[in-house]
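Given next are the chains, with one letter for each unit.
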Amino acid sequence: MSVTYSCCHLDSPHAPLPPSYPSSSSSYHSLDKLYFCEECDAVRCDLCSAIEIASYFCPNCLFDVPSANVRADKNRCARSCFSCPTCESSLSIQASDQPSTDNAVGPTATAMTLSGPPYALVCSGCKWSSKEVGWSFDKPTGIALQLQKMNTQVDLVQSEFDSLKDHLESYITLSNPTPSSSSSSRSTRNPSRHISHLTQMAQRALHRDVGGLVAYSARSKRSSPAEKGEKEKFGWDELDEYVPKDSWRRTGLEKGLEDVDLIRDFEESGASGLAALVKRWQSSWDRGSMSREILPQRIPLQTKLTKRCPHPNCRHLLIQPDTKTVRMKIKMVASNYLPLVEIGRRRRRLPSNDISESPDQMSVQDMEKQRRERRRTRGGNPVREEDELMDTPFKAGETYSFQIALTNPLYDPIQIRLTLPHQPKKAPKTDFSVIIPTPHFTINALKDAWAYEEDDESDDYLMGGSGIGGLEAGFSEEGTTTTGTGTNTGTLSRKSKLTILSSNNNKRSKENLNGIEKKGNITKVGLDIQILPEIVRKSKVEFDLEIRYTYKADDLGTPTNDKDENKSKDKDNSTQNKEEYKNFTFWTRVNLGHVE
Amino acid sequence: MGAFDPIITYEKGTYIETDTGNKVSRKASITGATNIILGGKSIIKNDTILRGDLRRSTAGQHVVLSIGRYCLIGENSIIRPPGKLHKGSFTFYPIRISDFVHIQSNCIIEAASIGSCVEIGKNCIIGKFVIIKDLAIILPDTVLPEGTIVPPMSIWGGNPGKLVDTLPETYQETMESKCKNYYLRFKSA
């Protein structure tokens, strides 16, 4: 059971494809993962928002790594954070107790474990120690640096890599401003960053080469004799041949001998001696494939991300983290703008002939339930329903009733319209029907924190207890039931709350008859699902809901601002123009589970 | 949040309610209560063990265990201050738990500190001197080895625990309203 919200990405808002199209699922996310761009008045998600890295930090020592150092540190922590080669938890530095064993003669040495060098990295999870791979350190700080100094294993590879990097870098700096001819854009080998649009346009306009750059003219001269045949190659990267420092062919031969040793090792150790593939992928260099040859890795850095609206004309910040704390400087999340949709209280409608069925077999609880039921449907048709758990599978040919709850995140009341989105012509027919008995209703405004909490406290009684029929009784009992938890602020707010309640008591009870339950900034309405008898077994009961809400437009910019109650009351009293209201439509997908 | 969550009831008299709204089960084993601070509106459920007696050996008043507001310590969970040898003598170190921390049932907690808005699932073992920063989720059945540091906005799981995912930016509000909602729903029958 889940309710997810649609993100139209950069399209204009439209109803997404129905759930019968599997391709529609990618645009649905849970509300807490969505963002909202006020400028575009649109929902944004993680898939479409533009992401920039705001800061880097090590998840183990929580050090904020300056972004200038990140590349040199190879995106890993350059202090003392290492992960265990066997279990991947972080290693801790342990001083060896060797001094005590050196001084004392015999096993009756003092329990004093003098902490001193050499230090080793020890895993607290699996007790792996860096002594196993022969690592020990003189100081307990800056392990990565010490390791870099003493580690000569990769020197050969490193120097080769460095020279190759130098070779390529000289090429990049030389040929970066080189314009290339438009004909070569077909070639996939041509790096697009080399194409300067300005020179290209100039070339086209003048029908001749606009060079002036030495590298370019030299290249075009060279290719001019065989121009017809070579035209395709015009903008190809022309690299000097790289001369390796060391012959790798010879190393290849050595490797063959190593492989023989490896097979011999493997025969001795069995399959457990071989390192898991995942672990070998993680180490960047060509390491041994036996598990004892896997070395601890420096812990990869994590990032804090800045997120922007993806619209090319907007690019407003949606998320801007604070590098020092967990707070966000800018946080434009959809949960502050869109009502939260929840679905619950599932009931199965019993056929009418079941009503007379064996009343003597009913337990006291059932009797009470039935009484509550009768009270609930007072004035309507005598329908009997049975409470069911939300996760039980549906039965074919039955009718179920749910309650759908919408929570208003705005400081103003909103109007809601619930509809089923228009289905495309060729959409496969669903084998269940959704009935929304009350598509139009309002939700009260979100109040100040204390008033909201008190609402919950007192109204919980209604919700869990007597339901709708016992409204008045609930209020009179309220005073006695909540005194236990009452604090100083509690008693104050309760008074104010009671006056509020008495003012719209009549209105509330009227609405309750239509199956609308209101509580604070939450409104609950009914929703019926009719499962047709011919439904395929194990098929999902999933449907889309189109929700349109109407809100005051002048609050568009600052819906999160606190608003005095007096102020809003004034607005209510003053005659409102229709222009002040705005609509926003969004689509949600409700997954209720599957058929038996 | 939680419009359909049912009310959680307990038998009247099985929980002690303090002036600040803490609800402490009579069946919880709490030792060294003078060394324990509860922030208010926190719930300590049945059969939990809070070891406030494991204090620093030096004389004077020590706070062993401080728990913030809107916290929950689930059934059969054990909270025990971590201890280690320091300069030749064995000492215990205090545990600090911030606001909005939910610890579910059957957990063993020996952390040094747990930040605000942290949820620890069922059957977790949080090793000695673990530091859990603000805004984190420890999935059920996770074992965090000694000295693990859980950075903010992360989800950890597995044995031994690893960083498995990051949290959405809205998690703080979600967790705060969840904790408040839970406290309001937890009532005597």
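Residues numbered from 1 in each chain as written. Chains lettered and ligands numbered in written order. Predicted model: local features only at pLDDT ≥ 70, side-chain atom pairs only at ≥ 80, totals over all residues.

- An unreviewed UniProt entry annotates chain B as Dynactin subunit 5 of Kwoniella dendrophila CBS 6074.
- Annotation of chain B in UniProt includes, under Sequence similarities (unreviewed entry), the sentence "Belongs to the dynactin subunits 5/6 family. Dynactin subunit 5 subfamily."
- Reading the Subcellular location (unreviewed entry) entry of the UniProt record for chain B gives the comment "Cytoplasm, Cytoskeleton". (UniProt positions renumbered as here; feature names shortened; annotations may be inferred.)

- Going by what an unreviewed UniProt entry lists, chain A is known as Dynactin subunit 4 and is assigned to Kwoniella dendrophila CBS 6074.
- Regarding chain A, the relevant UniProt record gives this comment under Sequence similarities (unreviewed entry): "Belongs to the dynactin subunit 4 family."

## A few points about the overall build of chain A
Alright, step 1. For chain A, the helix and strand inventory stands at 15 helices and 23 strands.
Alright, step 2. Contacts in chain A between residues at least 24 apart in sequence constitute 72% of all its contacts with a sequence separation of at least 6. (Helix = DSSP H or I, 4+ residues; strand = E, 2+ residues; numbered from the N terminus. Contact = placed C-beta atoms within 7 Å.)

## Things to note about the overall build of chain B
Alright, step 1. Counting its regular elements, chain B contains 1 helix and 25 strands.
Alright, step 2. Projected onto its principal axes, the C-alpha coordinates of chain B cover approximately 55 × 40 × 20 Å.
Alright, step 3. In chain B, 41% of the contacts between residues at least 6 apart in sequence involve partners at least 24 apart.

## Looking at the pairing of strand E14 (residues 340-350) of chain A
Residues and elements named next belong to chain A.
Alright, step 1. Here E14 runs beside strand E16 (residues 399-407); their pairing, made up of 7 bridges, is antiparallel. Each bridged residue has a counterpart across the sheet, and for Gly344 the counterpart in E16 is Gln403.
Alright, step 2. Two elements, E14 and strand E15 (residues 384-387), share 4 bridges in a ladder whose sense is antiparallel. Pairing of Arg349 across the sheet is with Glu385, part of E15. (Pairing = 2+ DSSP bridges.)

## Description of unusual backbone geometry
Alright, step 1. Here the amide bond leading from Asn159(B) into Pro160(B) is cis, since omega sits at -5°, within 30 degrees of zero.
Alright, step 2. Here Pro160(B) shows up in the loop between strand E23 (154-157) and strand E24 (162-166).
Alright, step 3. With a phi close to 70°, Glu88(A) is a non-glycine residue in the positive phi region.
Alright, step 4. Inspection of the secondary structure assignment puts Glu88(A) in the loop between strand E7 (82-83) and strand E8 (91-96).
Alright, step 5. Its 21 C-beta neighbours within 10 Å are what place Glu88(A) among the buried residues.
Alright, step 6. Phi is positive for Lys127(A), which is not a glycine, with a value near 65°.
Alright, step 7. Within the secondary structure, Lys127(A) sits in the loop between strand E9 (116-123) and helix H3 (143-150).
Alright, step 8. Judged by the 11 C-beta atoms lying within 10 Å of it, Lys127(A) is exposed. (Buried ≥ 20, exposed ≤ 12 C-beta atoms within 10 Å, placed from the backbone.)

## A closer look at the interface of chain B and chain A
Interface size is often expressed as the accessible area that is lost when the parts come together.
Alright, step 1. Contact residues are listed per partner, giving 28 residues for chain B and 35 residues for chain A.
Alright, step 2. Where the side of chain B that touches chain A is concerned, the elements lending two or more residues are E24 and helix H1 (171-185) of chain B.
Alright, step 3. When grouped by side-chain class, the residues that make up the side of chain B that touches chain A number 14 nonpolar, 7 polar and 7 charged. (Nonpolar A, V, L, I, M, F, W, Y, C, P; charged D, E, K, R; others polar.)

## Regarding the confidence of the model for chain B
Alright, step 1. When pLDDT is averaged along chain B, the result is 93, and 99% of the positions lie at 70 or above.
Alright, step 2. Across the predicted assembly, pTM comes out at 0.74 and ipTM at 0.90. (pLDDT = per-residue confidence, 0-100.)

## Here's the deal with the nonpolar core
Alright, step 1. Among the nonpolar cores identified, the biggest contains 52 residues, and Tyr5(A), Leu34(A), Tyr35(A), Phe36(A), Val43(A), Ala334(A) and Ile404(A) are the most heavily contacted of them.
Alright, step 2. Among the elements that make up this core, the one with the highest residue count is strand E22 (residues 540-552) of chain A (6 residues).
Alright, step 3. Built from parts of two domains, this core gets at least three residues from each of domain 1 (9-50 + 309-336) and domain 4 (340-594) of chain A.
Alright, step 4. Sequence-distant contacts of Tyr5(A), defined by excluding residues within four places in its chain, comprise Tyr28(A), His29(A), Leu31(A), Leu34(A), Val43(A), Ala334(A), Leu338(A), Phe586(A) and Thr588(A).
Alright, step 5. The next biggest cluster of nonpolar side chains, apart from the first, holds 46 residues, and it includes Leu38(B), Ile138(B), Leu167(B) and Tyr183(B). (Core = buried A, V, L, I, M, F, W, Y, C linked by C-beta atoms within 7 Å. Domains from an automatic or database assignment.)

## Digging into the sheet that holds strand E21 (residues 143-144) of chain B
All names here are of chain B.
Alright, step 1. Pairing is parallel in the open sheet, where 6 strands are placed in the order E4-E7-E10-E15-E18-E21. Each edge of the open sheet carries a strand with a single partner, namely strand E4 (29-31) and E21.
Alright, step 2. When strand E18 (residues 125-126) meets E21, the two strands line up parallel, connected through 2 bridges. Each residue of the ladder has a partner; that of Ile125, found in E21, is Val143.

## Here we look at the sheet that holds strand E19 (residues 131-132) of chain B
Residues and elements named next belong to chain B.
Alright, step 1. Strand order in the open sheet formed by 6 strands is E5-E8-E13-E16-E19-E22, with parallel pairing between adjacent strands. The open sheet terminates on both sides in strands that have one partner only, identified here as strand E5 (36-40) and strand E22 (149-150).
Alright, step 2. Inspection of the sheet shows E19 paired to E22 by 2 bridges, in the parallel sense. The residue bridging Ile131 from the neighbouring strand is Ile149, located in E22.

## With respect to the environment of Asp544(A)
Residue and element names in this part refer to chain A.
Alright, step 1. One can find Asp544 in strand E22.
Alright, step 2. Taking the number of C-beta atoms within 10 Å as the measure of exposure, Asp544 has 22 and is therefore buried.
Alright, step 3. Linking Asp544 and Thr4, residues 540 residues apart in sequence, is a C-alpha distance of 9.4 Å.
Alright, step 4. When sequence neighbours within four positions are dropped, the list of residues in contact with Asp544 reads Pro16, Pro18, Pro19, Pro421, Trp587, Thr588 and Arg589.

## A short note on the environment of Glu596(A)
All names here are of chain A.
Alright, step 1. In this fold, Glu596 is placed in the segment after strand E23 (581-594).
Alright, step 2. Looking at Glu596, the number of C-beta atoms within 10 Å reads 13, which means it is partly exposed.
Alright, step 3. On a C-alpha basis, the gap between Glu596 and Lys538 in space is 5.7 Å, while along the polypeptide they are 58 residues apart.
Alright, step 4. Apart from residues lying up to four places away in sequence, Glu596 is in contact with Pro393, Phe394, Lys395 and Arg537.

## Details of the confidence of the model for chain A
Residues and elements named next belong to chain A.
Alright, step 1. Summarising the model, chain A shows a mean pLDDT of 72, and 61% of its residues fall at 70 or more.
Alright, step 2. For residues 178-195, every residue scores under 50 in pLDDT, and the model assigns this stretch 38 contacts once sequence neighbours within four places are set aside.
Alright, step 3. Here residues 354-360 scores under 50 on pLDDT; set against residues more than four positions off or in separate chains, the count is 2 contacts.

## Some thoughts on the environment of Leu340(A)
Residue and element names in this part refer to chain A.
Alright, step 1. Tracing the backbone through its elements, the reader meets Leu340 in strand E14.
Alright, step 2. A tally of 20 C-beta atoms within 10 Å means that Leu340 is categorised as buried.
Alright, step 3. Note: C-alpha distance between Leu340 and Ser30 (310 residues apart in sequence) is 10.0 Å.

## Regarding H1(B)
Three or four residues apart is the spacing at which side chains of an α-helix point the same way, because the helix has 3.6 residues per turn.
Residue and element names in this part refer to chain B.
Alright, step 1. For H1, spanning 15 residues, the distance from its first C-alpha to its last is 21 Å, which sits close to the expected 21 Å at 1.5 Å a residue.
Alright, step 2. All of the buried residues along H1 are Tyr171, Gln172, Met175, Cys179, Lys180 and Tyr183. End-on view of H1: buried residues confined to an arc of 160°, all on one side of the axis. (Expected span 1.5 Å × (residues − 1). Arc of directions from axis to C-beta.)

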